[in-house]
Amino acid sequence: MVVLSRPSRRTNLALLLLLAGAFVTGWLAFGVEGAPASRAVSVLHGVVGLGILVLAPWKTVIVRRGLRRRRRHALAVAFAVVVAVCLLAGVAHATLGPLEVAGVSALDVHVASAVAAVPLALLHVVRRPQRARASDLSRRTALRAIAVGGAAALGYGTLESVTSVARLPGAHRRATGSYEVGSGAPSAMPVTQWFTDRVPRIDVGAYELLVSRPDEPTLRIAYGELLAMTGTTRSAVLDCTGGWWAEQTWRAVRLDTLLGTSGYGSIAVRSVTGYTRLFPAEDASALLLATHVGGAPLSAGHGGPVRLVAPGRRGFWWVKWVERVSVEPRPWWLQSPFPLQ
Ligand code: HEM
Ligand code: HEM
Ligand SMILES: Nc1nc2c(c(=O)[nH]1)N[C@H]1C(S)=C(S)[C@@H](COP(=O)(O)O)O[C@H]1N2
Ligand SMILES: [Mo]
């Protein structure tokens, strides 16, 4: 009993670190875009997540022993089920591709179960506490950590090789883990909202874009006037955190054409639905307000009459149905890292 309890305590503590690490790197994977950083975060996330599987044999011993005790097991078992679903869905997404059942993708299930696991993990750890000790920071623990990390990395490498050799869809995913859908064919591209937003109905005839800069009266630009300003044609990749990406050609006007380059504060891009993202002021020349995609006016679903095109940023930055662009005094990082609506 005494002999078993030491390694089991360390196994549980290691699981705690891996769970926290997987959760953090998962959201980090949603935050970054751009080949090397994206790839690094995706690989790290996969390895940390698979580390939980590496510890499964040891945890099984702990679980058996825990289940033999006379107490309530429901929460611990629910936690185990949710973590198993999360791992299965993550691996399924990364290997088998963008599986979708009734509009719900493997990645949706993956993220939802990860979020559901948080309160269950907290309850589990509060009810079955494990104290860390100074003696845990030993050479022995370091060697074990390296062994677990190595086994997880080997597992990740094996999954990637099998995916590639067996020509599974996963071999074609982007560095972010997303799959290509509808490039060059906007009507085949999914219409998605981040969380709770709905496609609004906008009368193009009455539409006006509001442009506000500090110490200047707000400009109101009618759709026709805006069209006359859209001199930029640019191809850019929209990579949705839902697990798909598409490259389209956008006709647009650069934000610095409308707002100038003040370098002051941040740029707020607000949708008629209230959905708003803040950008660094120096991004004005890289951000575009598009009226057309693939040579045709934007459909309502894809953000018509006017949407933001934010090359190099994940889909949730590409505000649809833009109502107002403004220069704001507050810094761009003073916002929720992910939209709340
Ligand atoms: C992948 C994550 C984990 C899963 C799926 C999991 C699941 C379980 C299950 C199903 C049991 C047995 C049922 C019960 O005791 O009622 C258990 C027991 C236990 N778990 Fe976890 N657990 C995880 C992580 C952790 C963490 C992070 C800690 C603490 C830091 C922890 C501490 C314990 C302890 C102390 C026991 C009781 C062992 C005993 O009574 O001998 N577990 N766990
Ligand atoms: C406890 C929490 C989590 C665990 C244990 C976990 C584990 C995993 C695993 C094992 C994979 C498969 C890796 C591979 O084979 O390539 C994966 C993939 C993925 N996870 Fe998680 N994950 C967790 C939370 C999250 C969260 C919160 C997010 C996003 C907010 C997320 C986003 C992703 C993405 C985008 C992929 C696909 C990466 C790729 O295809 O290379 N995960 N996850
Ligand atoms: N107003 C608003 N804009 C939005 C969203 C939203 O929910 N509301 N979702 C974002 C997300 S998560 C993505 S991936 C893209 C999807 O664009 P699409 O529907 O044209 O494919 O729009 C972004 N712009
Ligand atoms: Mo998205």
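Structural data are supplied above this passage.
Reference entry: report on the structure contained in this document. This structure is a prediction, so every number in the text was calculated from the model and none was measured.

Criteria and cut-off values
- Residues numbered from 1 in each chain as written.
- Chains lettered and ligands numbered in written order.
- Predicted model: local features only at pLDDT ≥ 70, side-chain atom pairs only at ≥ 80, totals over all residues.
- Heavy atoms only, no water.
- Axes fitted to C-alpha atoms, helices over the stretch in contact; angles between N-to-C directions.
- Helix = DSSP H or I, 4+ residues; strand = E, 2+ residues; numbered from the N terminus.
- Parallel < 35°, antiparallel > 145°, perpendicular 65-115°, else oblique.
- Left-handed = near helix turned anticlockwise from the far one by under 90°.
- Contact = heavy atoms within 4.5 Å.
- Nonpolar A, V, L, I, M, F, W, Y, C, P; charged D, E, K, R; others polar.
- Near = heavy atom within 4 Å.
- Polar contact = N/O pair within 3.5 Å; in protein donor to acceptor, adjacent residues only side chain to side chain.
- Areas by Shrake-Rupley, 256 points an atom, 1.4 Å probe, with all protein chains shown as cover.
- Donors = N, O, S within 2.8 Å, 3.2 Å for Na, K, Ca; no water.
- Tetrahedral: all angles 85-135°; square planar, octahedral: opposite > 155°, others 65-115°.
- Buried < 20%, exposed > 50% of the residue type's maximum accessible area, 1.4 Å probe, protein only.
- Pairing = 2+ DSSP bridges.
- Phe/Tyr/Trp six-rings, centres within 6.5 Å; stacked < 30°, edge-to-face > 60°.

**With respect to the packing of helix 2 (residues 35-54) against helix 6 (residues 139-165)**
- Where helix 2 meets helix 6, the closest approach of the two axes is 8 Å, and the angle between their N-to-C directions is 115 degrees. The pairing of helix 2 with helix 6 is recorded here as roughly perpendicular in orientation. Judged by the sense of rotation from one axis to the other, the crossing of helix 2 with helix 6 is right-handed. Of helix 6, the residues touching helix 2 (which contributes Ser-42, Val-43, Gly-46, Val-47, Leu-50, Gly-51 and Val-54) are Val-148, Gly-149, Ala-151, Ala-152, Ala-153, Gly-155, Tyr-156 and Leu-159.
- Per-class residue counts for the contact of helix 2 with helix 6 are 10 nonpolar, 5 polar and no charged.

**As for the site of ligand 3**
- Contacts to ligand 3 come from 22 residues, most closely from Pro-190, Asp-197, His-302, Arg-307 and Lys-320.
- One of the side-chain N or O atoms of His-302 is found 2.6 Å from an oxygen atom in ligand 3.
- Alone, ligand 3 offers 530 Å² of accessible surface; in the complex the protein occludes 100% of this.
- Considered class by class, the residues forming the shell around ligand 3 number 12 nonpolar, 7 polar and 3 charged.

**Quick word on the coordination of the iron atom of ligand 2**
- For the iron atom of ligand 2, the full set of protein donor atoms is His-45 (NE2) and His-110 (NE2), and the range of their distances to it is 1.9 Å.
- The coordination sphere of the iron atom of ligand 2 comprises 6 donor atoms, whose angles at the metal cover 89 to 180 degrees; the geometry is octahedral. Separated by 65 residues along the polypeptide, His-45 in helix 2 and His-110 in helix 5 (residues 106-127) bring together distant segments of the chain. The burial state of His-45 is the same as that of His-110; both residues are buried.

**Considerations on the side chain of Thr-291**
- Tracing the backbone shows Thr-291 in strand 10 (residues 288-293).
- What makes Thr-291 buried here is its relative accessible area of 0%.

**Thoughts on the pairing of strand 5 (residues 219-222)**
- The pairing of strand 4 (residues 208-212) with strand 5 spans 4 bridges and is classified as antiparallel. Bridge pairing in strand 5 links Val-211 to Leu-219.
- Hairpin remark: strand 4 followed by strand 5, antiparallel, with 6 residues in the connecting loop; positive phi at Asp-215, about 60 degrees.

**Structural notes on the packing of helix 4 (residues 74-96) against helix 5**
- Look at helix 4 against helix 5: their axes get within 8 Å of each other, and the N-to-C directions meet at 150 degrees. In terms of orientation, helix 4 and helix 5 fall into the roughly antiparallel class. Considering how the two elements wind past one another, helix 4 and helix 5 form a crossing that is left-handed.
- Class assignment for the residues of the contact of helix 4 with helix 5 results in 18 nonpolar, 5 polar and 1 charged.

**A few points about the sheet that holds strand 9 (residues 276-280)**
- Pairing is mixed across the open sheet formed by 5 strands, whose spatial order is 5-4-13-8-9. Pairing within the sheet leaves two strands with one partner each, and these edge strands are strand 5 and strand 9. Across the sheet, the mean angle from the axis of one strand to that of its neighbour is 20 degrees, orientation sign disregarded.

**Here we look at the packing of aromatic side chains**
- One pass over the full model with this rule turns up 9 aromatic pairs.
- Plain terms: the ring middles of Phe-23 and Trp-27 are 6.4 Å apart, the flat faces sit at 65 degrees to each other, and that makes the pair edge-to-face. Taken as a pair, Phe-23 and Trp-27 lie in helix 1 (residues 2-31) at a separation of 4 residues, close to a single helical turn.
- Look at Trp-27 and you get partly exposed, because its relative accessible area is 27%.
- Between Trp-27 and Phe-338 the ring centres are 4.9 Å apart and the planes differ by 55 degrees, which places this aromatic pair in the tilted class. With Trp-27 in helix 1 and Phe-338 in the segment after strand 13 (322-328), this pair connects stretches of sequence that are 311 residues apart.

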